[in-house]
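# Descriptive analysis of the structure
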Amino acid sequence: MKAVKAAVIHKRGALEIRTFPKPVLNDEELLVKVHMCGICGSDQHIFRGDWGEPYPIIPGHEFVGTVEELGKNAAQKHGVKLGDKVAVEMILPCGACRWCKEGFYNLCVKDREEGRQYGCNISCTREPHLFGGWSQVLYVPSNAIVHRIPDHVPWHRAVLTEPLAVTVRAVHLTPPKLGDTVAVIGAGPIGLLTAVAAKAAGAAAVILIGTRDERLALGKQLGADEVIDFRKEDAGSRLLELTGGRGADLVFETAGTPQAQKDSLNYARKGGTVNYLGLTGNRPVTIETDNQMTFKELKLQTSFLSAWGYQGAIDLIASGRFPIEKMVTHEFALDEAEQALQCASNREEKAIKVVLIP
Ligand SMILES: [Zn+2]
Ligand SMILES: [Zn+2]
């Protein structure tokens, strides 16, 4: 394969298929043949230009694939061999800034300055172009963090590595203590996977708050002990009922709407913790800090991207615990990328996780 086909968002709301030359590798670089790439809520923001995207972009940060080509020293550098199943972390840390050196590579200064996230903020005008998962081939530079996925893991589980890593990071930042009740707001893919991660981390009870019967039903198979449909009942009162009038010890907000971020503060008990993982697309949120936070001595944590989360996610995926592959409801070919995006955003046909197979 000399030319590589990829989907490109070239301006707000416009996507087309383009071809790129296959990159010529330096010693510590490799190429990954993309087998599957999930479509994420962030991809909708990127399609709409909510964060001032540097178009044209090849989207896609939830990719998994196999090692297709290795530079001279790349096998040793990255600990992989040809044909290995791999996930590559979606951030490409510079490794030189203060935050990278201290391990906070999701906060790398170069990310804000020039874009360091696959599929999110790197223009495909940057050479060698292939910085997104909606492509047949992904370029992996020497500073990338490459993780091997065990051979036995099916692609439909493996493809959830990145979103699960997002939730593993969040749970690492605010882990449940023994006996804790965890509320998860939002029953989208990140909410469902947060239920998985919280349960795996030892939460005594997980309460999933969201909408749509099929998502909540799946949530029950993915670690949620109780589900609340906030369109059918008052989530706040039901949560109090389930927690002996206290509220949840720990709340993960994954919906990323201003209303959900505001409400989530009310779901936590006095002295409890709320962790925001959802992104609102920069919409303002109005909260009453006295009533909602200070009078309760609430702790508010945020969690950004998936750093430190990949290995835990892969271990959990490889364990076979929790039928997360049931989240993958729709598959599309690369040529159908726009249709796939549509399917994911309209939630047609009860879509939960839509994937592309380039
Ligand atoms: Zn994502
Ligand atoms: Zn850095």
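Note that the structure is predicted; figures quoted are calculated from it, not measured. (Residues numbered from 1 in each chain as written. Chains lettered and ligands numbered in written order. Predicted model: local features only at pLDDT ≥ 70, side-chain atom pairs only at ≥ 80, totals over all residues. Heavy atoms only, no water.)

## A closer look at the coordination of the zinc ion (ligand 2)
Protein coordination of the zinc ion (ligand 2) is provided by Cys94 (SG), Cys97 (SG), Cys100 (SG) and Cys108 (SG), with donor distances spanning 2.3 to 2.4 Å. Spacing between the donor residues of the zinc ion (ligand 2) along their common chain follows C-x2-C-x2-C-x7-C. With Cys97 in the loop between strand E5 (85–88) and helix H3 (98–101) and Cys108 in the loop between H3 and helix H4 (109–114), this pair connects stretches of sequence that are eleven residues apart. Residue class for Cys97 comes out buried when judged on its relative accessible area of 9%. (Donors = N, O, S within 2.8 Å, 3.2 Å for Na, K, Ca; no water. Helix = DSSP H or I, 4+ residues; strand = E, 2+ residues; numbered from the N terminus. Buried < 20%, exposed > 50% of the residue type's maximum accessible area, 1.4 Å probe, protein only.)

## Comments concerning the coordination of the zinc ion (ligand 1)
All of the protein donors around the zinc ion (ligand 1) are Cys40 (SG) and His61 (NE2); their distances to the metal are 2.1 to 2.2 Å. You can see Cys40 sitting in the loop between strand E3 (30–38) and helix H1 (41–48) and its partner His61 sitting in the loop between H1 and strand E4 (62–70), a full 21 residues away along the chain.

## A look at the pairing of strand E11 (residues 248–253)
Extensive coverage of E11 is indicated by the burial of six of its six residues. Pairing between strand E8 (residues 181–185) and E11: four bridges, direction parallel. Counted as the bridge partner of Ala183 is Val251 from E11. Of the pairings in the sheet, the one linking E11 to strand E12 (residues 268–276) comprises five bridges and is parallel in character. Residue pairing in the sheet places Phe252 in a bridge with Asn275 of E12. (Pairing = 2+ DSSP bridges.)

## Focus: the sheet that holds E11
The strand order E10-E9-E8-E11-E12-E13 describes an open sheet built from six strands, whose pairing is parallel. The open sheet is flanked by strand E10 (226–229) and strand E13 (299–302), the only strands paired with a single partner. Sheet twist, expressed as the average angle between the axes of neighbouring strands with direction ignored, equals 20 degrees. Where E8 and strand E9 (residues 205–210) come together, five bridges link them in parallel fashion. Pairing of Val182 across the sheet is with Val206, part of E9. On top of the sheet, helix H7 (residues 189–200) reaches E8, E9 and E11; it is set at about 175 degrees to E9, its chief contact. Its contacts with the sheet put helix H9 (residues 235–242) on E8, E9, E10 and E11, and the angle it makes with E10 is roughly 160 degrees. (Axes fitted to C-alpha atoms, helices over the stretch in contact; angles between N-to-C directions. Contact = heavy atoms within 4.5 Å.)

## Let's talk about the domain arrangement of the chain
Examined at the domain level, the chain breaks down into domain 1 (3–162 + 307–357) and domain 2 (175–302). Centre-to-centre separation of domain 1 and domain 2, based on C-alpha positions: 28 Å. Buried area between domain 1 and domain 2, summed over both chains or domains, comes out near 1,600 Å², and the portion from carbon and sulfur atoms is 69%. Taken together, domain 1 and domain 2 are joined by zero salt bridges. (Domains from an automatic or database assignment. Buried area = accessible area lost by both parts, 1.4 Å probe. Salt bridge = Lys/Arg side-chain N within 4 Å of Asp/Glu carboxyl O.)

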